[in-house]
Amino acid sequence: MNSSTTVRTARRRTLRVAAAALTAAAALALTACSGSDAADAKPASHSDTAKAAVEFSGAGSSAGLPGSDAQASAGAKAAAKADVTGKQSGSAHAANGGRAASPVRTQRLADGISKAEIYQLGDQHYRAKIVARGSVLATMETKGHDDGLDANDMFVTLTLDGQVRSWMGGGHQGPGTFQLAGGWTAKVTKVGELRYRAQIIGHDGVAATLETNQHDAGLDANGISIVLSSGGVISAHE
């Protein structure tokens, strides 16, 4: 073997070694890539799976899927709210209308035709509906004071304790000074349109004052019922 042959042989060996080295390097690179891909493609963790399940069901989303737990929860809350609202509404209705739903008593009045339906609204708070032939003709109510009514020359009083008294006639047209039942004197003056004032005077001076403001007025003066109408008519009954 000559020197040129020796050189060529050495070169071939060198190329084979280089090729082998390249092949080995490529194999290592492929292995590394495969390992990287395998790491990237590893099974989803428990938290990732749960997260995906939540996202699929629509929970936590403003537009959950029909039948989702989120909608069921929202529906349950809405139903509970509606139930509570209904209970509150029912309770309020009963509280407002409970005691006044039916009259505590019904009383025939002096004309023999009409009657008074008396309702208790609270302590010293009463309402009387004047009813004739199924129709309500007038309503009286005590709000810190007695009330009175002139119903076509039938006079009616309603007191703070819910007592109703009625009588026919006996009216005096004011202005003027008039003697009333029970020894009382009434001094009636006109103070405006449909507005009259009556001073109820006893032995010791003015004991009470009645005043109308487009509404009749009445009181109980030691057992004497007195009514002053918005037209200035005053009447009393013992």
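### Regarding the sheet that holds strand 7 (residues 164-168)
- Taken in spatial order, the 3 strands of this open sheet run 5-6-7, and their pairing is antiparallel. The open sheet has two free edges, formed respectively by strand 5 (147-151) and strand 7, since each of these has just one partner strand. Shown here is a sheet whose adjacent strand axes are inclined to one another by a mean of 15 degrees, direction ignored.
- As defined by bridge partners, strand 5 adjoins strand 6 (residues 154-158) across 5 bridges and the pair is classed as antiparallel. Within strand 6, the residue paired with A151 across the bridge is M154.

### Examining the layout of surface pockets
- Its boundaries defined by the atoms lining it, the largest pocket holds a volume of some 230 Å³.
- For the largest pocket, the lining is made up of 17 residues, of which H145, D146, D147, D216 and A217 are closest to its centre.
- Only strand 12 (205-211) and strand 13 (217-221) provide two or more residues apiece to the lining of the largest pocket.
- Here the residues of the lining of the largest pocket are counted per class, giving 4 nonpolar, 7 polar and 6 charged.

### Quick look at the sheet that holds strand 9 (residues 176-179)
- Pairing is antiparallel across the open sheet formed by 4 strands, whose spatial order is 9-10-11-12. Bordering the open sheet on either side are strand 9 and strand 12, each of which pairs with just one other strand. For this sheet, the mean inter-axis angle between neighbouring strands, taken without regard to orientation, is 25 degrees.
- Note: strand 10 (residues 185-192) against strand 11 (residues 195-202), 7 bridges, orientation antiparallel. Paired with K190 across the bridge in strand 11 is Y196.

### Quick look at the side chain of S229
- Note on placement: S229 falls in the loop between strand 14 (224-228) and strand 15 (233-237).
- Sequence-distant contacts of S229, defined by excluding residues within four places in its chain, comprise D150, T212 and D216.

### Examining the packing of aromatic side chains
- Counted by the stated rule, this structure contains 1 aromatic pair.
- Ring geometry for F155 against W167: centres 5.9 Å apart, planes inclined by 20 degrees, an arrangement best described as stacked. Residue F155 is found in strand 6, and its partner W167 is found in strand 7; the two are separated by 12 residues along the sequence.
- You can call F155 buried: its relative accessible area is 0%.
- A residue is classified by how much of its surface remains accessible, and W167, at 4% relative accessible area, is buried.

About the thresholds
Residues numbered from 1 in each chain as written. Predicted model: local features only at pLDDT ≥ 70, side-chain atom pairs only at ≥ 80, totals over all residues. Heavy atoms only, no water. Pairing = 2+ DSSP bridges. Helix = DSSP H or I, 4+ residues; strand = E, 2+ residues; numbered from the N terminus. Axes fitted to C-alpha atoms, helices over the stretch in contact; angles between N-to-C directions. 1 Å grid on protein atoms, 1.4 Å probe; cavity = no way out; pocket = protein on both sides within 12 Å on 5 of 7 lines; lining within 4 Å. Points joined across faces, edges and corners; volume = space filled by probe spheres on them. Nonpolar A, V, L, I, M, F, W, Y, C, P; charged D, E, K, R; others polar. Contact = heavy atoms within 4.5 Å. Phe/Tyr/Trp six-rings, centres within 6.5 Å; stacked < 30°, edge-to-face > 60°. Buried < 20%, exposed > 50% of the residue type's maximum accessible area, 1.4 Å probe, protein only.

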